[in-house]
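# Analysis of the macromolecular model
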Amino acid sequence: MSVSGAKRKRLIEKSLPPKIEAYIPESRLFLQLQALERKLDTKIVRKRLEVQEALGRPVYKKRILRIFVSNLATNQTGAAAGNDDTDADGKDAKPEAATEAPSWTLRVEGRLVDPPGTTWKTRPAPHKFSEFLNSMVVELDRDPGLHSDNVVQWRRGAAENDVDGFEIKRRGDDDVRAKVILDIRTATDRFKVNHPLLRELLDIRGPVSKAGFIMKLWQYIKLNNLQDSDDPDQIRCDAGLQQALGSPVVSFTAIPQMLHAFLTRPDPIVIEYTVRVHEGEYHMGTYAFDVEVEVEEHARHSTGPLASIQSRHRELAHIENQLAQKMQDIHNARTKRDFLRSFAGDPVAFIHRWIDNQTKDLEVILGDRRHGLEAALGAIMAADSSAQEMTDERRHVLENEASKWLKESALYDEPWAEEAVFHYLSAKTQERMQQLLQQQQQQQTPAQAPSMP
């Protein structure tokens, strides 16, 4: 039988009876352990919720995105020596290609660099280049009077498929300078600190999130002991921080409202490239560009830090069941001790109380109050007759007490009253069912007809 399917014990079974310290002095240590356990349980529940919340949030890992810029050249007249399209007779071998206008295609591609030590088994899932872009703008340095399409823009749409690269095709037989402007997409909004002194004080070297900026500022305040001792919400700025914030005293709660003055959108990545059309059909840039991006980790171990805790859960549940059983044994021993001690103190009064309790139980079982009252009176009278002579005054007192007990409304508020009503109705129902069955049997039994001679 699994622990989860075991019947849970009531909380009262894990608590010691009152005044138990007088008989078991060591129980005080148990009470202290219980208080410590409650504190520990509170902390465990809080930490477990924090871990579960952290497991529910996506986790991003920094990877390197390598960007390549290249171009293709088609139908260029002075492409390269050795690419002559004439045959031995001096005739054009490809007359259909000569009629096509020269053109070139600019290609911007990117892929993630595999981490060191990656094999084909441990290689992460592939990602598209456009997944890491918010927008891309390509500016072509051509005469605007002759060409009106010198600026090409791409922006991420709501329902757009990601691609591994972009291609821009234009006509022409001249080299063209191009500027590729990339807005990198990040999992969390990151900003650039536009104040040089503040960047130096907080040691910020690149884009940072708002939470990261506040954390850096808080570390600087704690390191230089700038928090007011009387009012912890007030920050006493030193010379550098005062020059950056523009005030000698700043409220810590006002810092989030001040962020817009220090944080701006980070600068986009600008790549300059020259389209070469006279160096062959394919030309690759001299350099590749590495950019740090954030990639979500989909394969995560849900057990993680909770694996060791879950492995001990069954053992702890078994110990709790044993503890509950011990508490139940203590309750039973205390009940037995109180029973014997009460009997030893005043046997006659104890017997009277015991008979009264048994009478009430009998009424609940039989569902007949009068029968229980008569039984109680008979038992009390028998006990009094055996102890001393039963007088009329004693009999009258007992009858009055019994009648008063039956007339009081508090009687029906007892815990056993509802069960007594249930048993009474059940008895009446059974009695009525027996009567109906007997009547049905009598109707179904036909009168025997006289036999023919």
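### Details of the overall build of the chain
A count of helices and strands for the chain gives 12 helices and 13 strands. In the chain, buried positions account for 23% of the 453 residues. Contacts in the chain between residues far apart in sequence, at least 24 positions, make up 69% of those at least 6 positions apart. Accessible surface for the chain amounts to roughly 32,500 Å². Of this, 53% is attributable to carbon and sulfur atoms.

### Quick notes on the side chain of His283
For His283, the position within the fold is in strand β12 (residues 282-284). Here Tyr273 takes part through its side chain, which lies 2.8 Å from a polar atom of the side chain of His283. Here His283 is in contact with Ser70, Asn71, Tyr273, Thr274 and Arg276, once residues within four sequence places are set aside.

### Notes on the sheet that holds strand β6 (residues 176-184)
Here we have four strands laid out as an open sheet, ordered β4-β3-β6-β11, and antiparallel in their pairing. Every interior strand has two partners, whereas the edge strands, β4 (151-155) and β11 (269-275), have only one. Averaged over neighbouring strand pairs, the angle between their axes works out to 15° when direction is ignored. Bridge count between β6 and β11: seven bridges; the pairing is antiparallel. Across the sheet, Lys179 pairs through a bridge with Glu272, a residue of β11.

### Quick word on helix α4 (residues 210-223)
Between the first and last C-alpha of α4 there are 20 Å, a value that for 14 residues agrees with the 20 Å anticipated at 1.5 Å per step. Buried-residue contacts for α4 involve β7 (192-193), α3 (196-202), β8 (234-236), α5 (239-245), α6 (255-258) and β10 (263-264). Phi turns positive one or two residues past the end of α4, at Asn225, with a value near 55°.

### Concerning the packing of aromatic side chains
Across all of its chains, the model carries five aromatic pairs by this definition. Aromatic pair Trp218 and Phe252: ring centres 5.2 Å apart, planes at 70°, arrangement edge-to-face. Within this pair, whereas Trp218 is found in helix α4, its partner Phe252 is found in the loop between β9 (249-251) and α6, the two being separated by 34 residues in sequence. Note on Phe252: relative accessible area 25%, which makes it partly exposed. An angle of 75° between the planes, with centres 5.5 Å apart, marks the rings of Phe343 and Phe350 as edge-to-face. Pairwise contacts between aromatic rings join Phe129, Trp154 and Phe166 into one cluster.

### Considering unusual backbone geometry
In this structure, Asp203 takes a positive phi of about 55° despite not being glycine. When you line up the elements, Asp203 lands in the loop between α3 and α4. Judged by its relative accessible area of 41%, Asp203 falls in the partly exposed class.

### What to know about the nonpolar core
Ile67, Leu106, Met136, Leu182 and Val293 are the most contacted members of the largest nonpolar core, which totals 29 residues. Those elements that place two or more of their residues in this core are β1 (60-74), β2 (103-112), β3 (133-141), β5 (165-171), β6, β11 and β13 (289-296). Take this core: its biggest share by element is five residues, from β6. Residues contacting Leu106, with those up to four places away along its chain left out, are Val69, Ser70, Asn71, Val138, Phe166, Glu167, Ile168, Ala178, Tyr273 and Val275. Core analysis: the next-biggest nonpolar cluster, separate from the first, contains 21 residues, Leu202, Ile204, Ile235 and Ala244 among them.

### Re empty space enclosed by the protein
Inspection of every chain in the model, using the stated rule, returns one cavity of 30 Å³ or more. For the largest cavity, the full set of lining residues is Leu198, Phe213, Leu217, Leu245, Ile255, Met258 and Phe262. Looking at the lining of the largest cavity, the elements that each hand over two or more residues are α4 and α6. Class assignment for the residues of the lining of the largest cavity results in seven nonpolar, no polar and no charged.

About the thresholds
- Residues numbered from 1 in each chain as written.
- Predicted model: local features only at pLDDT ≥ 70, side-chain atom pairs only at ≥ 80, totals over all residues.
- Heavy atoms only, no water.
- Helix = DSSP H or I, 4+ residues; strand = E, 2+ residues; numbered from the N terminus.
- Buried < 20%, exposed > 50% of the residue type's maximum accessible area, 1.4 Å probe, protein only.
- Contact = heavy atoms within 4.5 Å.
- Areas by Shrake-Rupley, 256 points an atom, 1.4 Å probe, with all protein chains shown as cover.
- Polar contact = N/O pair within 3.5 Å; in protein donor to acceptor, adjacent residues only side chain to side chain.
- Pairing = 2+ DSSP bridges.
- Axes fitted to C-alpha atoms, helices over the stretch in contact; angles between N-to-C directions.
- Expected span 1.5 Å × (residues − 1).
- Phe/Tyr/Trp six-rings, centres within 6.5 Å; stacked < 30°, edge-to-face > 60°.
- Core = buried A, V, L, I, M, F, W, Y, C linked by side-chain atoms within 4.5 Å.
- 1 Å grid on protein atoms, 1.4 Å probe; cavity = no way out; pocket = protein on both sides within 12 Å on 5 of 7 lines; lining within 4 Å.
- Points joined across faces, edges and corners; volume = space filled by probe spheres on them.
- Nonpolar A, V, L, I, M, F, W, Y, C, P; charged D, E, K, R; others polar.

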